[in-house]
Amino acid sequence: MKMTFTLNGQQVTGDFAPDQTLFNWCREHSIKSVKCGCETSNCGLCTLWLDGEPVLSCSVLMARVDGHEVTTLEGVGPAREEFARCMAEEGAEQCGFCSPGLEMDVLALDLRHPNATDEEIRRELSGNLCRCSGYASQMRAIRRFLARRKNPAGKLSERSEAAMQMEKQVKAAGKGVTSADRGSTLSSPAVKKDAYALLAGKPAYVDDLAPKDCLTVKMVRSGQAHARVTKVDATRALAIPGVVAIWGPDDVPHNRFTLAGQSYLECSPYDTVILDSTVRYVGDEVAIVVAETEEAAAAAVKAVKVTYEKLPVILDCSEALDNETVIHDEDDWAYGADRTGDPKRNLVASDCFEFGDVDGAFAEADVVLERDYHTQAAEQAMMETMRCYAYTDAFGRLTVVSSTQVPFHIRRQVATALGIPKSQVRIIKPRVGGAFGAKQTGCCEVFAALAAWRLGRPCKSIYSRVETMSCSNSRHEMKLKVKMAAKKDGTITAIDLYALSNAGAYGYHATTTIGLVGAKSLPLYNHAASRFHYDVVYTNTMPGGAFRGYGATQGCFAVESTVNELADTLGMDPCEIRFKNLVKTGETLWQLGQEPLRSCRVDECLERVMQLTGWKRKPMVEELPDGRVRARGVALTMQGSGISNVDIANVDITLEDDGFYVLKIGATDVGTGADTILAQIAAEILGCDVDHVITKGVDTDTSPFDTGAYASSGTYTTGGAVVKAATDLRDKICALAAQWWEIDVEDIEFDSGLVYSSDGSYKMTVAEMANRAIGFGLNPGMLSGHGSNTQPQSPPPFIAAVATIDLDRETGKYDLVDYAAVVDCGTVINTNLARVQVEGGLVQGIGMAMCEDVSYDARGRMRTDSFMQYKIPSRMDVPDVRVEFMPSYEPTGPFGAKSIGEVVINTPPPAIQSAVAHATGNYVRELPITPEKALHGDALQAPEPRNPQRPAAE
């Protein structure tokens, strides 16, 4: 069809397929700002303007474009740069994948309704989903941007008021506790290094960078939850024009491996091959299709005929252990580092940890509660789906460009699966559009790699939203039992915690996730005798994997909910019972590997969140004029900082000519700002501006080894390596100056870009020194520092939070009207990025508490495999969560820092559960807490909560 339209001010004329979407046309013609996160018009990522009005380009056919004007982010004027500045200065772009779509909608709102109220803004932008930010930072940026019209000459305010207030709050709360004021380098809101490129929609992600001549790799997936594949007939599919190859289980290497992105020897069992003759869940891979185009590949997938021998299905994890149906009956199943499982019993792992006289404490207790809990499988739901592309270079080596958290682990997986040396595999990580643990598990990489290795052509595998949600991994479903003993005065004397975890079809992360259920919940009440025992079982559901919180989320819900119920049973303030039992600095954390606790302000976090919410001034339950009831609930949690005695980080930093530094890391920035935070740490050591430190992205050929972005290890573990590397370089700079000037190195000073002697007789800028070092003469060239870091402990960050809900007792419908949290993460390195990490994690936890749920039908087919069925919070569902910090000083961390990435997701389920119980008298012990559950609740009637009487903290 012949048509003409205007694209970003330029006329475009030609023949177009009228049924092609505008989104696909834009992507094919290098308009990379439009992204796809859903394929169902639910995410808002593909927004552009048609005749000045925002539209979803995935829903617009090219036939509709004829004679009209199309504007994408690439063609918007100066206002875009102003809004980008607001977003960047709030850290609101995070991974950046959803930002262009949001920008287009906000810029349109600015033109037609700049005086919009907060409610109107939220409604206008309700279709713009974000999984990283929690929306609060975006709302701050939007308010600042729109407010410029009220300022003189319509200019933006010089700095974000919110960013300045957060910086002040952090420094005030850390005064006298953390290290000295770090000026503009640490405890400051440095803008992410990639912010402006991502906000401009520059090509940065896997599908933006893939060569145009890539072959498309798609999977034929099982429609059966458990079956033997007896035949794969590809005859019709191979006849489709453009189909290059189709491989079934008999056509590919058969080497057992695990897709868990863990350090070698992986704890997870080796229970996976590239294609297995047994399928174990609906969506399991049966065959690989490679074609010239996506259309040909999709047609071929439908044309492949698979014959199955059906097997009995196990969907309920309670029925899996010692079931006569064995899910993994293969002869070559192999143990990883954890050897507690038995596949013949469908048992992946089992263990017990006990400290103190648990049974004796129960026998002597005044009160004993026994409660059962169920936490659902939950989707990470990052906006960028699973994706990668692969190619062979001129020397025959295999390169995989992957959106992953664990490049070095992916290298091992690909090499093992294909049966080739690791020296023949290279992994490159571009920008990652969100991960949250999902991309700590390998996924599509082995399929694209195999195709590229065999065919010698670039091959890409881009998972759809349905595939990502139903054929990758999710949070592990768990069933938990808590038995808690206490004295009448509220002293908790014993906790017995049992967890049954659903590994799904494969054991990825199953043996490690379960350990954190007890290790990150029981030490909060460290004085009680404790027992933690667990079983992990296979079922015929999608595999579990890593998700922010990694088992601590499930354990926190069970233990904290029981503590809240214990307080209600005893008629105590739930905060008071915690003050009475909380762990303190100097104690040994018995259930956390018996590690020492060197830094902890959790009691002050709780005290401060009480102040923020007026805990003592307001009743626990309050009748509202509109007939609803307002109620509150509280929860605490802790996490860790890296994996003790396991995580490794290596860092190299080089002084380049003209005096800038290149920081080479193996750690993975997945939108958290790790590249920026690590540069801030280096800049502090080297006395330079953060912009003088260039952070090099991960390439396994050139980056030093790092275990990856998981277990909250970035700031703590890799940051520690940066301190060592930058210190090593600084010492070498001083040593070289001493050599040149023929004086003792002890007489050399290094400060703010200057190297000079103590007596002032010699002085040189770092830039001059760098240029001289690579100039004529017998000079050393570019100086480099190296740092390696691994730690024997995993110091926990802490968080205290209060949820406030308004609930209709007639329907059970409730709204979260306030959520306040105070965090101890040690020294805060970047105030903006730390705040957004907290806000984003809290909203993910709120989603788990209120609405998110992975659901299967009786045949094992997932019902919730898109954003149409799987509900994640929008900005209409959550208020702007309130966040403060209570910095401590962790002596083993870089400048006293601990982690922050995971701890922030854990408190919403128990805090909201308690608020619902206070409002209705019903304890809901199964997530999510829907209005129906809130209304009908548990058969047990909750005691009336007693309004707090503890002296006010204010």
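Our structure's up above, just so we're on the same page.
Note that the structure is a prediction, hence the values are computed from the model and not measured.

Definitions and limits used
- Residues numbered from 1 in each chain as written.
- Predicted model: local features only at pLDDT ≥ 70, side-chain atom pairs only at ≥ 80, totals over all residues.
- Heavy atoms only, no water.
- Helix = DSSP H or I, 4+ residues; strand = E, 2+ residues; numbered from the N terminus.
- Polar contact = N/O pair within 3.5 Å; in protein donor to acceptor, adjacent residues only side chain to side chain.
- Contact = heavy atoms within 4.5 Å.
- Axes fitted to C-alpha atoms, helices over the stretch in contact; angles between N-to-C directions.
- Parallel < 35°, antiparallel > 145°, perpendicular 65-115°, else oblique.
- Left-handed = near helix turned anticlockwise from the far one by under 90°.
- Nonpolar A, V, L, I, M, F, W, Y, C, P; charged D, E, K, R; others polar.
- Salt bridge = Lys/Arg side-chain N within 4 Å of Asp/Glu carboxyl O.
- Buried < 20%, exposed > 50% of the residue type's maximum accessible area, 1.4 Å probe, protein only.
- Pairing = 2+ DSSP bridges.

Participant: How should I be thinking about the side chain of Arg140 in this particular structure?
Facilitator: Note that Arg140 resides in helix H5 (residues 136-147). Side chain to side chain, Arg140 and Glu90 meet in a polar contact 3.0 Å long. Setting aside residues up to four positions removed in sequence, Arg140 forms contacts with Glu90, Ala162, Arg835, Val836 and Glu839.

Participant: It is not clear to me how the packing of helix H19 (residues 674-686) against helix H20 (residues 714-741) should be interpreted in this structure. Could you clarify?
Facilitator: Interaxial distance between H19 and H20 falls to 9 Å at its minimum, and their mutual angle equals 30°. Relative to H20, the element H19 is oriented roughly parallel. Here H19 and H20 pass one another in a crossing that is right-handed. The segment H19 lies against H20, with Ile677, Leu678, Ile681, Ala682, Ile685 and Leu686 engaging Gly714, Thr715, Thr718, Gly719, Val722, Val723, Ala726, Thr727 and Arg730. Here the contact of H19 with H20 is composed, by residue class, of 9 nonpolar, 5 polar and 1 charged.

Participant: For this particular structure, what's the right way to read the pattern of salt bridges?
Facilitator: Pairs can form between side chains of opposite charge whenever their charged atoms are close. The final tally for this structure, using the stated rule, is 65 salt bridges. In this structure, Arg412 and Glu266 form a salt bridge, with 3.0 Å as the shortest nitrogen-oxygen distance. With a gap of 146 residues between them, Arg412 in helix H12 (residues 407-418) and Glu266 in the loop between strand E8 (243-247) and strand E9 (278-279) connect regions that are remote in the sequence. Judged by relative accessible area, which is 10%, Arg412 ranks as buried. Among the salt bridges present, the one from Arg531 reaches Asp359, with a minimum N-O distance of 3.0 Å. Linking Arg531 in strand E20 (residues 529-538) with Asp359 in helix H11 (residues 358-364), this pair joins segments that are 172 residues apart in sequence. For Asp359, a relative accessible area of 48% gives the class partly exposed. In this structure, a network of salt bridges that share partners links the residues Asp626, Arg628, Arg630, Asp806, Lys813 and Asp815.

Participant: Can you help me understand the side chain of Gln554 in this one?
Facilitator: Counting through the fold element by element, Gln554 comes out in helix H16 (residues 552-570). Once you skip the residues sitting within four places of it in the chain, Gln554 turns out to touch Thr375, Arg475, His476, Met478 and Leu480.

Participant: How do you make sense of the pairing of strand E4 (residues 53-56) when you look at a structure like this?
Facilitator: When a strand is regular, its side chains alternate between the sheet's two faces. Bridge analysis of strand E3 (residues 47-50) against E4 gives 4 bridges, and the strand direction is antiparallel. If you follow Trp49 over to E4, its bridge partner there is Pro54. What sits between E3 and E4 in their antiparallel hairpin is a turn of 2 residues, with Asp51 showing a positive phi close to 55°.

Participant: Any chance you could explain the pairing of strand E31 (residues 784-789) here in plain terms?
Facilitator: Of the two faces of E31, only the one carrying Gly785, Gly787 and Asn789 is buried; Ser784, His786 and Ser788 on the other face are not. Where strand E25 (residues 649-655) meets E31, 6 bridges bridge the pair, whose relative direction is antiparallel. If you follow Asp652 over to E31, its bridge partner there is His786.

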